[in-house]
Every structure is written in C-alpha cells, then in structure tokens.
There are 2 protein chains.
Amino acid sequence: MTRQIRDVVEQYVKLVGSGPTDAIVELYAPDATVEDPIGTPVRHGHEPIREFYDVIAALDRSTTLHADTVRIAGNHAAFMFDIVTKVGDQTFTLTPIDVMEFDDEGRITTMRAYWSQDDMRIEPA
Amino acid sequence: MTRQIRDVVEQYVKLVGSGPTDAIVELYAPDATVEDPIGTPVRHGHEPIREFYDVIAALDRSTTLHADTVRIAGNHAAFMFDIVTKVGDQTFTLTPIDVMEFDDEGRITTMRAYWSQDDMRIEPA
C-alpha cells in the first residue's frame, strides 16, 4: 500500500504540472473531496474537482515534488511540492503541503492543501 | 491569527524537545484530539494527551522546526520538524509532518502527525 500511495502522489504532482485534467480526476474516488486551500469550500465529487483542476490546466505551469518530504502512514500521505506558473513576465511559485487519504484501491478520497497567499513567491520570469 | 498560530507552532516544537509536559498540554484546548501517527487511536482530552507526551518527556531528546515548511491557512497549520532521541550509543531521528487546527484563542484543537517507521533514521550517537 505504501508503494502504491507513493506512486499516486508522484503521478498527482506530475499531472498537476502537465495534465491532462481527466488523468488527475481519475486519481480521485468518485465521491472524493478536495479542500484547497484548507478552510475554503469543499469540492465534492468528480465534476467539481474537474472544474478546480481545469483552472490550473489553463496556466503555463510546472511542478516539482519535494521527494524528501513525502510521509506515508497507513492510507494517509502528506507531502510538499512546488507549483510554478508563468503569467506575462512574472513567475509565481507556490509551495503547499498537501495531505491525502486513500481508499483500498489507492484512489484519493480526501485532499486538503495547506498554503496561503503569504507562501506565494513572485519573481521575474 | 497567523502570527499567533506561528508562535504556537514554534513553542510546540520547542517544548516537545525540552518540556515540561504541562506546558505542552496547555497549548491544547481541553477537548482537543491527538492522532500520532495518523491512523492510530485518537487521544481525546488533556489527560490522554499528557500521557502521550510523558512518554516523550522520559527520553533524551531535541527538536528542530523546519521553519521553511510552516504553512498556515486560516486556523490550520502544517509543518515539518525533526525529533532526535538518544538511546544508548544510537540516535534516532524522526521527521514528521504535523497538521493542526486551532480555536479562536489560538489553542490546538486537533493534531495529526504523518510519519511511519520508514521515516526513522538511525545513526551512531
């Protein structure tokens, strides 16, 4: 299970950086929930989750998993990653900590992301 | 609130490394829950939480917050830290990701820790 969860985390971060959205959504169980950032309204089910990732998919972006931060305990995982987006002549780097729970088939059932605007780094591209 | 939560996170990690247990327990709301590691039975209330930290208090230990990992969103926080314990001629280094929720007074209401035995590093002291 640990190996399977690690694989899904790696796929997730890679797909958030390159898509397609459908492949991200397929990592989630049908009745999964996404709360990103934590404290904002929960998206419940594949369609609201697809809408969320479609917003990201429209951006010029890349992602990097901080591999040394991946923590897996039973059917739970926590990890940190960078998502870098380019808008005009600026790059925006956000480095959230995401936590996930998984079902027995290795599908994500809950995702909650810890970050705020304070964690956004803005630089010339 | 963000500043207050960051202060509590810093105090928490410092106190886990040096105690006293009472001071750690005082960071928690009376009906708080601790799940460490996530997936194990939840400790609910000050007395079960005190018992948990008393086990750590008996060890020769130190802690270091990874300050660049602290993420705060609303009344939630996530962060990574090292806890190093010395037993005989060996040191055990564990580096969990903890997530916490806080009440309006800045007291911890839930703590869940992400780590497994795989994340334990053992070295000569």
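Predicted model, so just to flag it, every value in this text is computed and none were measured.

Side note on the relation of the copies chain B and chain A
And then number 1: Once chain B has been moved 0.0 Å along the axis and rotated by 180 degrees, it coincides with chain A to within an RMSD of 0.0 Å. With respect to symmetry, the two chain copies, as superposed, fit the operation of a two-fold axis.
And then number 2: Both copies contact each other with a shared surface, as 100% of the interface residues of chain B are interface residues in chain A too.

Quick word on the interface of chain B and chain A
And then number 1: Each partner contributes to the interface: chain B provides 23 residues, whereas chain A provides 23 residues.
And then number 2: Here chain B and chain A share two salt bridges between them.
And then number 3: The shortest N-O distance in the salt bridge between D119 of chain B and R71 of chain A comes to 3.7 Å.
And then number 4: Across the chain B-chain A interface, the total number found is four residue pairs in polar contact (both at pLDDT 80 or more).
And then number 5: At the level of elements, β4 (71-73), β5 (76-87), β7 (97-102) and β8 (108-114) of chain B are the ones that each hand at least two residues to the side of chain B that touches chain A.
And then number 6: Looking at which element gives the most residues to the side of chain B that touches chain A, the answer is β5 of chain B, with five residues.
And then number 7: Looking at the side of chain B that touches chain A residue by residue, the classes come out as 13 nonpolar, five polar and five charged.

Rules used throughout
- Residues numbered from 1 in each chain as written.
- Chains lettered and ligands numbered in written order.
- Predicted model: local features only at pLDDT ≥ 70, side-chain atom pairs only at ≥ 80, totals over all residues.
- Heavy atoms only, no water.
- Least-squares fit on C-alpha atoms with pLDDT ≥ 70 in both.
- Contact = heavy atoms within 4.5 Å.
- Salt bridge = Lys/Arg side-chain N within 4 Å of Asp/Glu carboxyl O.
- Polar contact = N/O pair within 3.5 Å; in protein donor to acceptor, adjacent residues only side chain to side chain.
- Helix = DSSP H or I, 4+ residues; strand = E, 2+ residues; numbered from the N terminus.
- Nonpolar A, V, L, I, M, F, W, Y, C, P; charged D, E, K, R; others polar.

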